[in-house]
Amino acid sequence: MKHVIVIPYYCPEEIERYLRIAGFMSGYTRSNVACEVLLASVLPAGPDAELFGAFSKFAPTREMQCHTQEMRYPQRASEMFWEVMRYIGAEYERDDGFFLWLESDMLPCKPDWLDRLHAEWLSAKDAPVMGLFLPLMYLFGKARGAHINGGACYAKNLSDLLPARCTDTFDLLISRVLEPAGRLKASRQFAFATEFDYPQLIADPEKTLLHGYMQNKDRFIRSCIDYLQAPALLRKWIGMQKRIPTYNLNKCCKYRYWIGFKTFCPLHSRPSEGTMDREPKEVRSCAG
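This text gives an overview of the structure that appears in the document. (Residues numbered from 1 in each chain as written. Predicted model: local features only at pLDDT ≥ 70, side-chain atom pairs only at ≥ 80, totals over all residues. Heavy atoms only, no water.)

**Observations regarding the overall build of the protein chain**
This is how the line gets drawn: What counts as a helix is a DSSP run of H or I of at least four residues, what counts as a strand is a run of E of at least two, and both are numbered from the N terminus. Between buried and exposed lies partly exposed: a residue is buried under 20% and exposed over 50% of the maximum accessible area for its type, with that area taken using a 1.4 Å probe on protein chains only. Any pair of residues with heavy atoms lying within 4.5 Å of one another is described as a contacting pair. Shrake-Rupley sampling with a 1.4 Å probe provides the accessible areas, and residues are treated as covered by the protein chains on show and by no other component.
Regarding its fold elements, the protein chain presents nine helices and 16 strands. Out of the 288 residues in the protein chain, the part that is buried amounts to 55%. Contacts in the protein chain between residues at least 24 apart in sequence constitute 69% of all its contacts with a sequence separation of at least 6. For the protein chain, the accessible surface area stands at approximately 13,500 Å², while carbon and sulfur atoms represent 51% of it.

What follows is the structure, encoded as structure tokens:
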């Protein structure tokens, strides 16, 4: 069984983030599980040679060119996912492995992260999707139904189970098709994280993959890597957070996040409250 780590990239800024992620993963990961990297590019110039070299140091790597002309978010990401899904279904061995859609603001936070995902995937049995389950939520003024977040593990034969065309945001459509049959696996290994809580999440023994939630992506990846490479600094920061009252505000739930000096919750705040009606600049720019 071999798993596939998919790296979808849309712009030069994402290439820079993925180069940092590739360098980190190469020195950080400890695994006995077979895997391969698939670089999926939508850039007109085609796949990036430097990125190919960086991920080749982590695992055997291959490339594919996505052909969507869509530039809007989230339509572009959804069409790319559908292309990659069909490519994997046609070009890879159907060996019950998964492909992980690793977005550029996602980072493993345990050295044996791949072994942990592999073990839970084997226990999931008939679930072709495994990831972070999100309840009904509001985002930018629009309701989003309960679903597995897009940065997740998917069966290599997923294309056999879904429509030929993606008519909605890909994670919503997949969940809507598979949830009635109980074929979604909610995993505690995946977690949304902000700069205010990722030190605790890194220290949490259940968490394996962190996903920057409404964060500046470059700063999130850089900071997480800094803490993961300096355990003493991580312990010091966690201790400091416990002593600062603003870090310990009562939150309605784990999805409440910080915007400047205010917090916002996509589940429990009304759509008319503040930033619900507009997208933060770091999310709107080069969104993936």
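**Considerations on the nonpolar core**
Across soluble globular proteins, nonpolar side chains show a tendency to be buried alongside one another. What counts here: Residues enter a nonpolar core if they are buried and are Ala, Val, Leu, Ile, Met, Phe, Trp, Tyr or Cys, with the set joined through side-chain atoms within 4.5 Å.
Core analysis: the largest hydrophobic core is formed by 53 residues, its most contacted members being Ile5, Phe55, Leu100, Leu117 and Leu210. With eight residues, the top contributor of residues to this core is helix H1 (residues 12-28). Residues contacting leucine 210, with those up to four places away along its chain left out, are Asp105, Met106, Leu107, Cys109, Ala191, Ala193, Tyr198, Leu201, Ile202, Phe220 and Cys224. Residues Val6, Trp82, Tyr154 and Phe170 belong to the second largest nonpolar core, which totals 30 residues.

**What to know about the packing of helix H3 (residues 75-91) against helix H5 (residues 170-178)**
Condition: In this description, a line fitted to the C-alpha atoms serves as the axis of each element, helices being fitted only across the stretch in contact, and the angle between N-to-C directions of two axes falls anywhere from 0 to 180 degrees. Oblique is the label for every angle not falling under 35 degrees (roughly parallel), over 145 degrees (roughly antiparallel), or within 65 to 115 degrees (roughly perpendicular). Residues are grouped as follows: nonpolar covers Ala, Val, Leu, Ile, Met, Phe, Trp, Tyr, Cys and Pro; charged covers Asp, Glu, Lys and Arg; every other residue, Gly included, is treated as polar.
Packing of H3 against H5 leaves a shortest axis separation of 9 Å and a crossing angle of 55°. Considered as vectors, H3 and H5 are oriented oblique to each other. Counting all contacts with H3, which are made through Ala77, Ser78, Phe81 and Trp82, the residues of H5 involved are Phe170, Leu173 and Ile174. Class assignment of the residues belonging to the contact of H3 with H5 gives a composition of six nonpolar, one polar and no charged.

**Looking at unusual backbone geometry**
Positive phi, close to 70°, is recorded for aspartate 96, a residue that is not glycine. Note on placement: aspartate 96 falls in the loop between H3 and strand E4 (98-101). Phi is positive for lysine 125, close to 55°, though the residue is something other than glycine. Checked against the element boundaries, lysine 125 lands in the loop between helix H4 (113-124) and strand E6 (129-131).

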